[in-house]
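# Structural description and commentary
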Amino acid sequence: MILPLEMGVLSDIETLLQQGVAAHQQKRYEDAERCYRGILQSQPTHPDANHNLGILAVSFNDLEAALTLFKTAINANPKAEQFWLTYINTLIKANQLDEARNALNQGKTQGISVENIEALTAQLQSLSQAPNNASFEQPSQEEVERLLQHHQQGEFEQAES
């Protein structure tokens, strides 16, 4: 059951976010989207709602929408490493390698861990050397859901792997 969002009530926003995450984990994507969008009606720059809605967009291969949502999340909370990682990985999926390099450089100043910087740098170098017609595999819906679950539970090392 999805609770209605009363404007300006922080506890309702947190409740709606929890409901959205639960629906997302239960593969009730329409309910999850409704919750996240309900939050954004009241707080358009809410970082977690934007990020989670972006993850939904990636799972449906709408990379353009996802990138916009991830950028909004980063602008609202630039210190959230997971937001940077998701954004950069989506840029890579979208084959926007120059933008991914720029975002990685920006993320370095915001505290992305050395391990993640090294991994992303190696990935970008590898892709830069790949033939232009190489195809890159999209993650499965199950992989995206595991990423979201690890992220929501604060298990960032597992989310990264």
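You'll find the structure just up there.
Residue numbers run consecutively from 1 along every chain, following the written order of its sequence. Selection of residues for local features in this predicted model requires a pLDDT of at least 70, selection of side-chain atom pairs for listing and counting requires 80 or more, and totals for whole chains, interfaces and linings are taken over all residues. As a rule here, side-chain values come from all non-hydrogen atoms in the structure, and water together with hydrogens is ignored.

Once that is clear, we can look at helix H4 (residues 63–76). Helical segments are the DSSP runs of H or I of at least four residues, strand segments are the runs of E of at least two, and each set is numbered from the N terminus. Each helix should span, by expectation, one fewer than its residue count multiplied by 1.5 Å. The terminal C-alpha atoms of H4, which comprises 14 residues, lie 20 Å apart, in line with the 20 Å expected from a rise of 1.5 Å per residue. Each residue is assigned to one of three classes by its accessible area relative to the maximum for its type, calculated with a 1.4 Å probe on protein chains only: buried under 20%, partly exposed between the two thresholds, exposed over 50%. Within the span of H4, buried status applies to Leu63, Ala66, Leu67, Leu69, Phe70, Ala73 and Ile74. Each buried residue of H4 sits inside an arc of 165 degrees when the element is viewed along its axis, so together they form one side. Seen from the open side of H4, the exposed residues pointing more than 90 degrees away from its buried face are Glu64, Thr68 and Asn75. Throughout, the arc means that of the directions going from the helix axis to the C-beta atoms.

To continue, consider the nonpolar core. In this text, buried Ala, Val, Leu, Ile, Met, Phe, Trp, Tyr and Cys residues form a nonpolar core when linked through side-chain atoms within 4.5 Å. If you look at the biggest cluster of nonpolar residues, it comprises 28 residues, and the most contacted ones within it are Tyr87, Ile88, Ile92, Leu104 and Ile112. Of all the secondary-structure elements, those providing two or more residues to this core are helix H3 (47–59), H4, helix H5 (81–93), helix H6 (97–109), helix H7 (114–129) and helix H8 (141–152). Per-element accounting of this core gives the leading share, seven residues, to H5. A contact between two residues is defined here by any heavy atoms of the two lying within 4.5 Å. The contacts of Leu104, once residues within four sequence positions are left out, are Ile88, Ile112, Ile117, Leu120, Thr121 and Leu124. If you look at the next biggest cluster of nonpolar residues, it comprises 15 residues, including Leu16, Ala23, Ala32 and Leu56.

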